[in-house]
Amino acid sequence: MSDTATLQLPGQEPVELPVITGSEGEKAIDVSKLRAKTGYITLDPGYVNTGSCSSSVTFLDGEKGILRYRGYPIEQLAENSSFVEVAYLLLHGALPTTQQLDDFNDHLSKHSLIHEDMKHFFEGFSTTAHPMVILSSMVSSLSAYYSEASGAASVDQLEVNTARLMAKIRTIAAFSYKKSIGQPFIYPQDKLAYCANFLNMMFAVPAEPYEVDPEITKALDLLLILHADHEQNCSASTVRVVGSSMANVYASVASGILALWGPLHGGANQQVLRMLERIHADGDDLDKYVRLAKDPDSDFRLMGFGHRVYKNFDPRATIIKSACDRVLNLLGVDDPLLDLARRLEEVALSDEYFVERKLYPNVDFYSGIIYRAIGIPENMFTVMFALGRLPGWIAQWKEMHQDPKTKIARPRQIYNGETARDYVPIEKRVAG
Ligand code: ACO
């Protein structure tokens, strides 16, 4: 017999609501019939307690600092896997065989060019345009080139659309950078692996040979793995919400990119670096900025600190922190901001305000320092996050479309505006 929860509402008979148990023992009360049975809705601003779906893509336990993709711990994937393999895992639910991985890589190489006409789009953006808005516009424009991408049809065509998205997003990202610095576009090269191909498009110039540094490729691969999915976060939920209207996968992903851009979500990685630079320029006065972050009258927050779900530690931050040491050592980079970040973490973690609120460094706290060390400019940090998160978005989109319980996303509200009143002709109105 399945569990139920009993809800007693004023003036009504008790209502039995099904209790759902996930494969890791987590519990939910199924309220999908609540309004039909009682006339009540649930109210949960920011969806702090609301499960929007059942999913088998990613498991995380914020109290224990656990993150697993398709059951595999993030620590093991970070140690042993590659970004392309992790993308395959998220999309297909199982690690690929050698043949499957080779085929997937071939598929990604085959689709890496963008239509030549799309190159002209870059000219339309102002030189100050943030690369995230360019990325989102270009990704949504892809649906103009692939007619089979529209609506429901794109579910059947998902294999090819996934390859297109994953292959072309790299090219678009690198071209938007080249455009911003006035250098010619460097085309993708099939012989290069996923991350090396991207780095080549970013940093090669036609005038001289460019060798992709394997240590930099490895560091980028790790960062993309760590960002590849994070269950129902703001951008993944956006992708699902938009996709639930049967919008095509390109449009859905483009919306996810814009949601990710916000400084409280993926945009935090750029803000962290700006914050560290500001503190450094201000004489490394950590106490002043920790004080400011705690001041309820100030807008200042410690960027890269805190998480809706992680209330112990973010396992991705732990991996990135040690990768930071390794990568900077290997590349011989001595960045005062790394030392500052470490000290800031120490000061914050011994401060009652942060301890009480369970605020720990999140994935964005150290990632910017590695990006900077490997030559990625600050305004491209969130674009890098988007490159990493793409397979997760597509896996979530695919799962949503395959779930027979999926309905168009349409929350309700509690209305607290004016009650009914009569229209007033303009000559009789008084300024309110
Ligand atoms: N610095 C200072 N105080 C903070 C911080 C912070 N970074 N984060 C949360 N708090 C405080 C809040 O002011 C609040 O205090 P109060 O209880 O006295 O009002 C309390 O901690 C709870 O914070 P909420 O904003 O309610 O927590 P929520 O779960 O809604 O927000 C979020 C999570 C958005 C990540 C928040 O911690 C934050 O703004 N962090 C900085 C931005 C950031 O790093 N974002 C990246 C997140 S990871 C990602 O998206 C990839």
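Placed above this text is the structure.
Small disclaimer: the values here were computed from a predicted structure and weren't measured.

Each value, and the rule that gives it
Residues numbered from 1 in each chain as written. Predicted model: local features only at pLDDT ≥ 70, side-chain atom pairs only at ≥ 80, totals over all residues. Heavy atoms only, no water. Buried < 20%, exposed > 50% of the residue type's maximum accessible area, 1.4 Å probe, protein only. Helix = DSSP H or I, 4+ residues; strand = E, 2+ residues; numbered from the N terminus. Pairing = 2+ DSSP bridges. Polar contact = N/O pair within 3.5 Å; in protein donor to acceptor, adjacent residues only side chain to side chain. Contact = heavy atoms within 4.5 Å. 1 Å grid on protein atoms, 1.4 Å probe; cavity = no way out; pocket = protein on both sides within 12 Å on 5 of 7 lines; lining within 4 Å. Points joined across faces, edges and corners; volume = space filled by probe spheres on them. Nonpolar A, V, L, I, M, F, W, Y, C, P; charged D, E, K, R; others polar. Patch = residues over 30% accessible without salt bridge, like charges linked within 9 Å, V, L, I, M, F, W, Y side chains within 5 Å. Areas by Shrake-Rupley, 256 points an atom, 1.4 Å probe, with all protein chains shown as cover. Salt bridge = Lys/Arg side-chain N within 4 Å of Asp/Glu carboxyl O. Lys, Arg positive; Asp, Glu negative; His and termini not counted. Charge placed at Lys NZ, Arg CZ, Asp CG, Glu CD. Phe/Tyr/Trp six-rings, centres within 6.5 Å; stacked < 30°, edge-to-face > 60°. Lys NZ or Arg CZ within 6 Å of the ring centre and 35° of its normal. Near = heavy atom within 4 Å. Expected span 1.5 Å × (residues − 1). Arc of directions from axis to C-beta. Axes fitted to C-alpha atoms, helices over the stretch in contact; angles between N-to-C directions.

Lay out the pairing of strand S4 (residues 58-61) with the relevant residues and their values.
Burial along S4 is two-sided: the face carrying Thr58 and Leu60 and the face carrying Phe59 and Asp61 are both buried. As paired elements, S4 and strand S5 (residues 66-69) share four bridges and run antiparallel to each other. Residue pairing in the sheet places Phe59 in a bridge with Arg68 of S5. Turn length for the S4-S5 hairpin, with the two strands adjacent in sequence and antiparallel, is four residues, and the turn residue Gly65 shows positive phi of about 70°.

Give me the side chain of Thr382: which residues, what numbers.
Topologically, Thr382 is positioned in helix H19 (residues 381-402). Overall, Thr382 belongs to the buried group, its relative accessible area being 0%. Looking at Thr382, its side chain comes within polar contact range of the side chain of Asn269, at 3.0 Å. In this view, Thr382 contacts Met132, Leu260, Trp261, Gly266, Gly267, Asn269 and Gln270; residues no more than four positions away in its chain are not counted.

With reference to specific residues and values, describe the layout of surface pockets.
Each pocket or cavity is described by its volume, and for the second largest pocket that value is around 380 Å³. Within the residue set of the lining of the second largest pocket, elements represented by two or more residues are helix H2 (74-80), helix H10 (214-227) and helix H15 (315-330). If you tally residues by element for the lining of the second largest pocket, the top one is H10, at eight residues. Across the lining of the second largest pocket, the residue classes tally to 12 nonpolar, two polar and six charged.

For helix H18 (residues 364-373), give the residues involved together with the corresponding values.
Counting buried residues along H18, nine of its 10 residues qualify, which places the element largely inside the surrounding structure. Considering only its buried residues, H18 is in contact with H10, helix H13 (268-281), H15, helix H16 (336-349) and H19. Two residues or fewer past H18, Gly375 is found with a positive phi of approximately 95°.

Outline a positive patch on the surface, supporting the account with residue identities and numerical values.
Residues Lys33, Lys37, Lys405 and Lys407 make up a contiguous surface patch of positive charge. With respect to the secondary-structure elements, Lys33 resides in the loop between strand S3 (27-29) and helix H1 (34-38). Classification of Lys33 as exposed rests on a relative accessible area of 53%.

Give me the lowdown on the packing of aromatic side chains, citing residues and values where you can.
Counted by the stated rule, this structure contains 15 aromatic pairs. Look at Tyr353 and Phe354: their rings are 5.0 Å apart centre to centre, the planes differ by 70°, and that puts the pair in the edge-to-face class. When its relative accessible area of 22% is taken as the criterion, Tyr353 is described as partly exposed. A relative accessible area of 3% means that Phe354 is categorised as buried. Taking NZ or CZ as reference, Arg170 lies 4.3 Å from the ring centre of Tyr194, over its face.

I'd like a description of a negative patch on the surface, backed by residues and values.
There is a patch of like negative charges on the surface, built from Asp102, Asp103, Asp106 and Asp190. Within the element layout of this structure, Asp103 appears in helix H4 (residues 98-110).

Please set out the site of the ligand residue by residue, giving values where relevant.
Lining the immediate environment of the ligand, one finds 19 residues, of which His265, Arg301, Leu302, Gly304 and Arg308 sit closest. With respect to the ligand, the side chain of Arg308 contributes an N or O atom lying 2.8 Å from an oxygen atom. Within the side chain of Asn362, a nitrogen or oxygen atom sits 2.9 Å from an oxygen atom of the ligand. Contact with the protein chains covers 73% of the free accessible surface of the ligand, which is 930 Å². Looking at the shell around the ligand residue by residue, the classes come out as 10 nonpolar, five polar and four charged.

So what about H16? Which residues, and what values?
Note on helix geometry: an α-helix contains 3.6 residues per turn, so any two residues three or four positions apart are oriented the same way. Helix length check: H16 (14 residues) gives 20 Å between terminal C-alpha atoms against 20 Å at 1.5 Å per residue, within 8%. Those residues of H16 not exposed but buried are Leu337, Leu338, Leu340, Ala341, Leu344, Glu345 and Ala348. One side of H16 holds all its buried residues, which, seen down the axis, span an arc of 160°. Contacts made by the buried residues of H16 are with H13, helix H14 (286-294), H15, helix H17 (352-356) and H18. The N-terminus of H16 is capped by Asp335, whose side-chain oxygen sits 2.8 Å from the backbone nitrogen of Leu337.

Tell me about the packing of helix H6 (residues 131-142) against H19, residues and numbers included.
As a packed pair, H6 and H19 sit with axes 8 Å apart at the nearest point and diverge in direction by 35°. Contact residues: Pro131, Met132 and Leu135 in H6; Thr382, Val383 and Ala386 in H19. Of the residues belonging to the contact of H6 with H19, the class tally is five nonpolar, one polar and no charged.

Which residues make up the environment of Phe313, and what values go with them?
Residue placement: Phe313 occurs in the loop between H14 and H15. Sequence-wise, Phe313 and Glu63 are 250 residues apart; in three dimensions their C-alpha atoms are separated by 7.9 Å. When near neighbours in sequence (up to four residues on either side) are disregarded, Phe313 contacts Lys64, Gly65, Thr318 and Tyr360.

Can you lay out the sheet that holds strand S2 (residues 15-21) for me, pointing to particular residues and giving the numbers?
Read across the sheet, three strands follow the order S1-S2-S3 without closing on themselves; strand pairing throughout is antiparallel. Edge positions in the open sheet fall to strand S1 (4-7) and S3, since each of these has one partner strand only. Strand-to-strand, the axes of this sheet are offset by a mean angle of 30°, without reference to chain direction. Of the pairings in the sheet, the one linking S1 to S2 comprises four bridges and is antiparallel in character. Counted as the bridge partner of Leu7 is Val15 from S2.

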